[in-house]
Amino acid sequence: MSFEAWTIFALFWVVFVTTPGPNAVNCISNGMSLPFPKAMLGVLAILTQASAFLILSALGVTALIAASPTGFFVAKLIGAGFLIWMGLRGWINAARPAPASQRPARHVYLHALAVATINPKSVAGYLAAFSQFVQPDVPIWQQMAIIMPTALIITSLSYTGFTLLGAVMGRAALGAVFNVWVRRVMATCFIIYGVLLGTSATPAGKG
């Protein structure tokens, strides 16, 4: 992966994991209600889910590339469409109150893992986003050696930040993070990325 491609991927992932959603709400809530070390179990759970989804996405994209370059191109278009859909959905939902959740402290890790796993953005978004940056003519695990650490570090920093916001600002953090225009800017970023990535040329595989 070139430095330019890595930069684009890193910027995309920043948008992907900082867009307010169930994981952010959960981290802020943990920061508000739990001692910080215990609240960080929620971040650990998100990283567990992220690692599993990244590996599964890599395996899925690898199989698709091997089976059909045309199928990979179609998946790329579907992925771009999904990103645009997430952007439009985020714009529409921006004015709605942020969802809240309550859970016993002893279930912090498992609850955060469940929230991350059943989050619609996580379920379909990883494969949708991931397929945009994989080069068919480069071994997948060579690319994963760059993609995975980048994604996990950014994910860790993002949700640690949300947890700190909850610990320091309390309920005021929810109002700041879920401001309508902040959410709409993030939604617009998804739409732009979807359009640009969907119209970009797919690298040709080796014959």
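Residues numbered from 1 in each chain as written. Predicted model: local features only at pLDDT ≥ 70, side-chain atom pairs only at ≥ 80, totals over all residues. Heavy atoms only, no water.

## A word on the nonpolar core
Rules: Residues grouped as a nonpolar core are buried Ala, Val, Leu, Ile, Met, Phe, Trp, Tyr and Cys residues, joined through side-chain atoms within 4.5 Å. Exposure classes here rest on a 1.4 Å probe applied to the protein chains alone. A residue is buried below 20% of its type maximum, exposed above 50%, and partly exposed in between. Under the DSSP-based scheme used, a helix requires at least four consecutive residues in state H or I and a strand at least two consecutive residues in state E, with every element numbered from the N terminus.
Ranked by internal contacts, the top residues of the largest apolar core, which has 26 residues, are Trp13, Leu54, Met144 and Tyr159. Contributing elements (two or more residues each) for this core: helix H1 (3-18), helix H2 (22-33), helix H3 (36-67) and helix H7 (140-169). Among the elements that take part in this core, H7 stands out by supplying 9 residues, more than any other.

## As for the packing of aromatic side chains
So the rule is basically this: Note on ring pairs: Phe, Tyr and Trp rings are taken, using the six-membered ring of Trp, and paired if centres are within 6.5 Å. Classes follow the plane angle, with under 30 degrees stacked, over 60 edge-to-face and the rest tilted.
According to the stated counting rule, one finds 5 aromatic pairs in the structure shown. The interplanar angle of 20° and the centroid separation of 5.8 Å between the aromatic rings of phenylalanine 12 and phenylalanine 16 together place this pair among those described as stacked. With a gap of 4 residues between them, phenylalanine 12 and phenylalanine 16 both fall in helix H1, about one helical turn apart. Phenylalanine 16 matches phenylalanine 12 in its accessibility class, with the two residues each being buried. Joined through ring pairs, the aromatic side chains of Phe9, Phe12, Trp13 and Phe16 make up one cluster.

## With respect to a nonpolar patch on the surface
Operational definition: Here a patch means residues that are over 30% exposed by relative accessible area and free of salt bridges, tied together within 9 Å if like-charged and within 5 Å if nonpolar (Val, Leu, Ile, Met, Phe, Trp, Tyr). Each accessible area is a Shrake-Rupley result for a 1.4 Å probe, and residues are judged covered by the shown protein chains and nothing else. The term salt bridge refers to a side-chain nitrogen of Lys or Arg lying within 4 Å of a carboxyl oxygen of Asp or Glu.
A grouping of Ile55, Leu56, Leu59 and Trp141 is seen on the molecular surface, where their side chains present a nonpolar patch of about 400 Å² in accessible area. Among the elements that take part in the nonpolar patch, H3 stands out by supplying 3 residues, more than any other.

## Quick word on the packing of H1 against H7
How we decide: All axes are obtained by fitting lines to C-alpha atoms, using only the stretch in contact for helices, and the reported angles, taken between N-to-C directions, cover 0 to 180 degrees. In this scheme the handedness of a crossing depends on how the near helix is turned from the far one: anticlockwise by less than a right angle means left-handed, clockwise means right-handed. By the convention used here, residues are in contact when the closest approach between their heavy atoms is within 4.5 Å. Note on residue classes: Ala, Val, Leu, Ile, Met, Phe, Trp, Tyr, Cys and Pro are nonpolar, Asp, Glu, Lys and Arg are charged, and everything else, Gly too, is polar.
Contact pair H1 / H7: the axes reach a minimum separation of 9 Å and the direction vectors enclose 35°. Of the two elements, H1 crosses H7, and the hand of that crossing is right-handed. Note on element contacts: H7 touches H1 through Ile146, Ile147, Thr150, Ala151, Ile154, Thr155, Ser158, Tyr159 and Phe162, opposite Trp6, Phe9, Ala10, Trp13, Val14, Val17 and Thr18. Per-class residue counts for the contact of H1 with H7 are 12 nonpolar, 4 polar and no charged.

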